[in-house]
Structures are given as C-alpha cells and as structure tokens.
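# Remarks on the overall topology
Take a look at the letters that make up each chain.
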Amino acid sequence: RMLRCATVSHKEGHDDTEFAKLRAVVEEDFPLLHQKAQRLLLAEDCWFYKIPGKDDSRNILLMSHHDVVPADTDWTMPAFEGIIKDGKVYGRGAADTKGSLCAILFGMEEMLRAGITPPVNVYIVSSHNEELGGNGMAATLEYCQKNGITFEVILDEGGAIVEPPLPGMNCEMCAMVAVHEKGRLKLTCTAKNESSHVSLTAFKGNPVERMSQFIREVTTKNIFIRRLHPQTRAMFLGLAPYCKLPMKLLMSNLWLFGGLLTKVLPKLNATAGGMVGTTCNFQEIQGSVNSKECSATVMFRNINEEDLKADYAAFKAVADKYGITLETQREEYYAPADMSSPAYRYTMDCLAKVFPRYPAAPYILPAGTDAWRLTPVCNCVLRFAPTRMSKQQLGSIHSADENLDISAIAEAAAFYKYFAVNYR
C-alpha cells in the first residue's frame, strides 16, 4: 500500500497528491501510533513523531524518507503497484526506503499494541525530499535546535544487512553499520589562454591540453594521504574472525600490516580505496582548443577534515604547475559517530541479539544521506537500516525492479521494536 503511492520528489516543487495518499495509508495501517504519538508536519511533508517515554529527558531517533526517485522504462512490472512475487515486494522505494520506514512504523505499532512505554522518548522522522537534498531534514534540525531536543543515537539509511563485503568470509551476511559519512568538497578548475587571440597561443599550452595533463597527473599519482582511520580499523577487527587466511592474519594484526593494507585497498576497487582516504572524481569538463578557457568540476569525498587540508594543498600544487585556478563551489564535513558512546555499544549489542548469525561491523559510507544534517544534535548518528538485501536488491536501488524480501521487512520491524523497548 505504501509503494502504491507514487511519492516522487520533483525539483520543480512539491505536489502533495501522492504524499497525501501515503499519509492516509499509514494513518489507517498504524492506528495506535497515530493515536498515542505526538505529530507534526515540518516543511511541506516531513513527518515528525514523538512517542513519549518513561524518561522524558532522553531521546532516540529512528529515521527514514518516504520520497522516491522516478521509475524508468526498464521495469519488467509496474513500478507503483506493490507487486508481491516469490516472497518479495516490488516497487519504487521498496529498498530506498519505504521498506525500512514500514518496519519502523510496524515495530512501534507492535510496541504500543503490547502496552509498552519505551524507556526513553522515541522519535520517528521521515523526509519528503531526501532524494533532492531538500529542506525536510533542515527543517527538522531547526525545530530540534529551537526546542532543545538532542538525541543519544540516530538510525538512518546507509548501511544494511548485506552479503559479506570481503571475499572468502565464512558467514552468510554481515550487518554493516556506517559510523561516518564522507564529506564533500566541490571545486571548479579553470585553465585560460594567456593570449587575447587564440591563434597566437601555441598548441602546446592551450587550456584543453593543460587541463588534460592536470587531470592525468592528479588521478594517476598518489598525491593524497592514505591511512587506516579508526572507523576502518574497527571494521577490519570486527570482520577478521570471519575471514580466511591470509586476510584474517592481515586484519587481525593491523599494528604490523596496516601500512600494507593502505597500499593494497585502493588497488582492489574504488570502494575499498575510498576507506583509506580522500577520493577525487572529475565530473564534468567544458572547453575546446579554439576557446579561451577550459573548465572542469571535481568532487572530493573526504574522511578526515585535517587530511583534506593537506590533500587540497597537494592538489593545488599540481593545479599551479599547469596554471589552473581553483574555486570552491561546495564544502561540507560531517562529524563521525562516537564509537565509544554507550548508544553505539548498545546498538551493536542489539544486532548481536536480534541477528546472531550476522557479524556486525562499522564502516565509512561513501554515499550521501540526510542524516548528516542532524550531527549538530547527536554525537552517534548511525547510517544503518536493519534490512537484509542481496547484491541484486542493492543494485535495484534507483534502478529497475527495485525489491525487498517481505521476511526482511519483518526482521527489521523486530529489530526496531527490540531496540526501542530495551534501550538503556
């Protein structure tokens, strides 16, 4: 029923038609939640629920989003009919993220149906324009700051229960909890002709050639810092017991083999390489040999703010070598979750109890979420939804035939209920 509401977010503005249908569905399907929780709509349609707990001074937040991206024509079945087939539910938003949102609502409805008052206040927030990086979560942050609301832990999308991330692991699935989200630095790089007349400029030094040489150098030489950050170390140590030799030996003895791993990981794949430092991806290039300038946009994704300063300096040194100027278009950095906090330890304990077959480990998320906006009001923002997904299901996000196992939604609902009921 939730998937049958085509809540596609549009840059042109907010059309509430399908979003209103979704609100009606959840009000009907989760009646106790809507009777007992305090409710607000922030911005146009950002849901903000509060389930009062025994201790009104403490708060936790279960977070999601209910907008979706458009469905293209490659689907083999209708994208907005919630088709159930072979134990799976198909539809745009099944995995991203109406499945986890349904699990949150179902888990809290079951808690209230059992007559349980949670130990602390449980908030539920779901944005209507996460896919656009819209104002829903910005409005949530503003409301929380105005009303002095802070959270001990936030669970959002990002990580999930997935197939083992390393080859040769002796487990079926792993619960990968993103404890950090890489920051962003977007630059415009510009090379210009020194001559006012194109025909008077030697071909050797024209802007297109200089830009090409610049891009080649920064993408082929190791100019950025590479290190095992605390989050990556914790991931290796968490997964090591489930690995086979020689990976088990390497990951269990980072004091000895850490330097080797920082060199090996970038050669395995881009995702692995991104866990040990800043990545730099050129996104667009414009200009021609006959024009007076050539420009390119580049996106840095950084783990550590201090490392980024050094990485930027190295990048700029190469830019200066080719007479290229840099202009900052966007800069964001998000504080990592405090892995020493009681809330983080509690989350990992819950995973061990609810999903004993699946080892849990932290990692660094290379993608973007809405959760970064709430880091000013929480020092333990975890990008993790307890939904079990195969590689095919992960690949269906923002793609054709998006789907999720119905049993995975039930398991996630059980986790959210256990998490809220037993919070300490």
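These notes cover the structure that comes with them. Just so it is clear, the structure is predicted and the values come from calculations on it, not from any experiment.

### Overview of the sheet that holds strand β5 (residues 88-90)
Strand pairing in a sheet takes place through backbone hydrogen bonds and is either antiparallel or parallel in direction. The strand order across the open sheet built from three strands is β4-β5-β15, with neighbouring strands paired in antiparallel fashion. The strands lining the two open edges of the sheet, one partner per strand, are β4 (83-85) and β15 (403-405). For this sheet the average axis-to-axis angle between neighbouring strands, irrespective of direction, equals 25°. The sheet contact formed by β5 and β15 spans three bridges and is antiparallel. Within β15, the residue paired with V89 across the bridge is L404. Packed onto the sheet, helix α3 (residues 94-113) meets β5 and β15 and runs at close to 40° relative to β15.

### A word on the nonpolar core
In terms of nonpolar packing, the biggest core is built from 100 residues, with L33, M108, Y416 and F419 touching the most fellow members. In terms of residues, this core owes the most to one element, α3, which gives nine residues. Setting aside its immediate chain neighbours within four residues, L33 contacts Y49, I51, L105, M108, E109, L112 and I124. One finds A191, F214, F300 and I324 within the second-largest nonpolar core, a separate group that totals 20 residues.

### Here we look at helix α5 (residues 207-220)
Residues separated by three or four positions in an α-helix point in the same direction, a consequence of the helix having 3.6 residues per turn. End to end, α5 covers 20 Å across 14 residues, agreeing with the expected 20 Å (1.5 Å per residue, within 8%). Contact partners of the buried residues in α5: β9 (183-192), β10 (279-286), β11 (293-302), α10 (305-321) and β12 (324-332).

### Looking at helix α4 (residues 136-146)
Among the residues making up α4, those that are buried are G136, M137, A139, T140, L141 and C144. Contacts from the buried residues of α4 go to β1 (38-42), β2 (46-51), β3 (55-65) and β6 (120-127). Looking one or two residues past α4, G148 carries a phi angle of roughly 65°, positive in sign.

### Quick word on the packing of helix α11 (residues 342-354) against helix α13 (residues 406-421)
Viewed as axis vectors pointing N to C, α11 and α13 meet at an angle of 135°, and their least axial separation amounts to 10 Å. With respect to each other, α11 and α13 are oriented oblique. Between α11 and α13 lies a crossing of right-handed hand. Contacts from Y346, T347, C350, L351, K353 and V354 in α11 reach F415, Y418 and F419 in α13. Of the residues in the contact of α11 with α13, the class split is seven nonpolar, one polar and one charged.

The rules behind these values
- Residues numbered from 1 in each chain as written.
- Predicted model: local features only at pLDDT ≥ 70, side-chain atom pairs only at ≥ 80, totals over all residues.
- Heavy atoms only, no water.
- Pairing = 2+ DSSP bridges.
- Helix = DSSP H or I, 4+ residues; strand = E, 2+ residues; numbered from the N terminus.
- Axes fitted to C-alpha atoms, helices over the stretch in contact; angles between N-to-C directions.
- Contact = heavy atoms within 4.5 Å.
- Core = buried A, V, L, I, M, F, W, Y, C linked by side-chain atoms within 4.5 Å.
- Buried < 20%, exposed > 50% of the residue type's maximum accessible area, 1.4 Å probe, protein only.
- Expected span 1.5 Å × (residues − 1).
- Parallel < 35°, antiparallel > 145°, perpendicular 65-115°, else oblique.
- Left-handed = near helix turned anticlockwise from the far one by under 90°.
- Nonpolar A, V, L, I, M, F, W, Y, C, P; charged D, E, K, R; others polar.

By themselves, these observations are geometric and do not establish any function.
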